[in-house]
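# Coordinate inspection notes
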Amino acid sequence: MLESFNFRVILAYMPLYLKCFWATVWLSGLSLIGALLIGTLACMMRISRRSLLSRLAGIYIESIRSTPLLAQLYFFYFGLPTLGIRLPEEVTGIVALTLNSGAYMAEIIRAGIQSIHYGQIEAGIAAGLSYLQRLRCIILPQAMGVTIPPLLGQAIVLVKDSALLSLISIMELTRAGQMLTSERFMPAEGFLTTAAFYLLIYYLLKSLSSWSQNRLIYRKSA
Amino acid sequence: MWGYYFNELIHSLPFFLKGLWMTAAVSGLSLIAGTVIGFVLGILRSGGNKWLKTVIGAWVDLVRGTPFLVQVFIVFFILPEAGIQLEAFPAAALALTNMGACFICEIVAGGLSAVPNGQREAACASGLSRIQQLRYIVLPQAMRTILPPLVGQYVLIIKDSSVVSAIGVVDVTRVGWLTVQRIPEGIMVFGLVGILYFTICYPLIQLSIRLEKRMTIVTTRL
């Protein structure tokens, strides 16, 4: 298998790979930003005292976490047109990824917020801070430290999950491997190159994660 | 029209149940094999052999750094080039087992390292062999840390099994994909697919949460 490994084909397809690499980066980057927003919103709803809001967020989080991303992706891909909403595949993909990741982010952020001792919040109330002020000045700065490493872990999962977008014919890294397989019939070259690109992103994010973890421990001891 | 499609969907329910059976078969098989291999790898990884540790660590990193879809494609398309021809079902089970084993290996290694070293030393001092130490002292205590994420990992395996529909294993997701070509009501069809996954995964997630609560109560009482 390896003796016939053809680097020349990989070189010839490199422009395509770079384009697809960039597509993976911006698709998952946009989804990441969206997921952070949705996740924060869902988390706020989940821990709010209004039971209706909390219930709604709970249904959203549980239903996303209990179903596979691929089923959700197909749900939007095949479901939105029947409602008369026609979106480009990329937008459908970003919507599905955002909603999927948002649910996990909400749980991570909730765990971070609930890791803060209730005395802190009581002190905030006693000092006469409003809900938003307590959130901004007391809860969030502390919760950030606990949530950033798992959030980066979720970002890694998000990048890997974006591979599923190739199944609704979006041009991204996995799709590039499929193209090499179907056009040149070279699956080994195609998919191993794809895997190498994903590993590049993985190691980048992983070292970022351990770097931030070291920083946090440093902050704790200081 | 909607009622007609709904009727059609009810009529194709046996087809969905067959798909559910396939999902259960693929994920059940990988779940059992993955647990066994994962435990062995995890124990080896937390053991003394440095060379073995590096190899297992590198392999786990490779598997965690690439999307599962790419791994499925690698097993299904590249192994034949090395002379190992696999049908869709064994290829899917192999890829899923490999992924599950790697994640479970991490969980087990983490759980084992959480057991204080004094326990091991005490066991050694009372003359237990390495295997006896593991069997009677270390593993029972590590199980408390291992069990909750292990159940969570089972949920992930079941959800990830939807990805193997991409190589033509007729699981629930694939059945949904085939049905939506005939019944163009994406929301209805994939709603049903989602409900089917939900009925399996939701109880497992709840179980994981309950286990986590129970295990932490035990820890604080000690």
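Residues numbered from 1 in each chain as written. Chains lettered and ligands numbered in written order. Predicted model: local features only at pLDDT ≥ 70, side-chain atom pairs only at ≥ 80, totals over all residues.

### Considerations on the overall build of chain B
Within chain B, the regular secondary structure consists of nine helices and zero strands. When the helices and strands of chain B are placed in sequence order, the string is α-α-α-α-α-α-α-α-α. Structurally, chain B occupies a C-alpha span of about 75 × 50 × 25 Å along its principal axes. For chain B, with 222 residues in total, the buried portion stands at 41%. Long-range pairs, those at least 24 residues apart, make up 77% of the contacts in chain B with a sequence separation of at least 6. (Helix = DSSP H or I, 4+ residues; strand = E, 2+ residues; numbered from the N terminus. Buried ≥ 20, exposed ≤ 12 C-beta atoms within 10 Å, placed from the backbone. Contact = placed C-beta atoms within 7 Å.)

### Description of the overall build of chain A
Of the regular secondary structure elements, chain A holds nine helices and zero strands. Each helix and strand of chain A, placed in order from N terminus to C terminus, yields the pattern α-α-α-α-α-α-α-α-α. For the C-alpha atoms alone, the extent of chain A along its principal axes is close to 70 × 50 × 25 Å. Burial status across chain A gives 40% buried among its 222 residues. Across chain A, the fraction of contacts at a sequence separation of at least 24, relative to all contacts at a separation of at least 6, is 75%.

### Observations regarding unusual backbone geometry
All names here are of chain A. In this structure, Ser169 is a non-glycine residue whose phi angle is positive, near 55°. Counting through the fold element by element, Ser169 comes out in the loop between helix H7 (131-161) and helix H8 (173-184). Despite not being glycine, Phe185 has its phi angle at roughly 55°, a positive value. Residue position: Phe185 is located in the loop between H8 and helix H9 (187-221). A count of 10 C-beta atoms within 10 Å places Phe185 in the exposed class.

### Observations concerning helix H8 (residues 172-182) of chain B
The buried fraction of H8(B) is high, at eight of 11 residues. Of all the positions in H8(B), only B:Val172, B:Thr173, B:Arg174, B:Val175, B:Gly176, B:Trp177, B:Thr179 and B:Val180 are classed as buried.

### As for helix H4 (residues 68-78) of chain B
Counting buried positions along H4(B) yields 10 of 11 residues, so the element is predominantly enclosed. Along H4(B), the positions that sit buried rather than exposed are B:Phe68, B:Leu69, B:Val70, B:Gln71, B:Val72, B:Phe73, B:Ile74, B:Val75, B:Phe76 and B:Phe77.

### Quick word on the nonpolar core
One finds A:Tyr74, A:Leu164, B:Leu69, B:Val72, B:Ala92, B:Cys105 and B:Val164 to be the most contacted residues of the largest nonpolar core, which totals 110 residues. Per element, the largest residue contribution to this core is 16 residues, and it comes from helix H5 (residues 88-114) of chain B. Apart from residues no more than four positions distant in its own chain, B:Ala92 is found in contact with B:Val26, B:Val72, B:Val164, B:Ile167 and B:Val169. (Core = buried A, V, L, I, M, F, W, Y, C linked by C-beta atoms within 7 Å.)

### Describing the interface of chain B and chain A
Opposite the 32 residues of chain B that make contact, chain A presents 31 residues. Those elements that place two or more of their residues in the side of chain B that touches chain A are H4, H8 and helix H9 (186-221) of chain B. A total of 11 residues in the side of chain B that touches chain A trace back to one element, the largest contributor, which is H9(B). Here the residues of the side of chain B that touches chain A are counted per class, giving 22 nonpolar, seven polar and three charged. (Nonpolar A, V, L, I, M, F, W, Y, C, P; charged D, E, K, R; others polar.)

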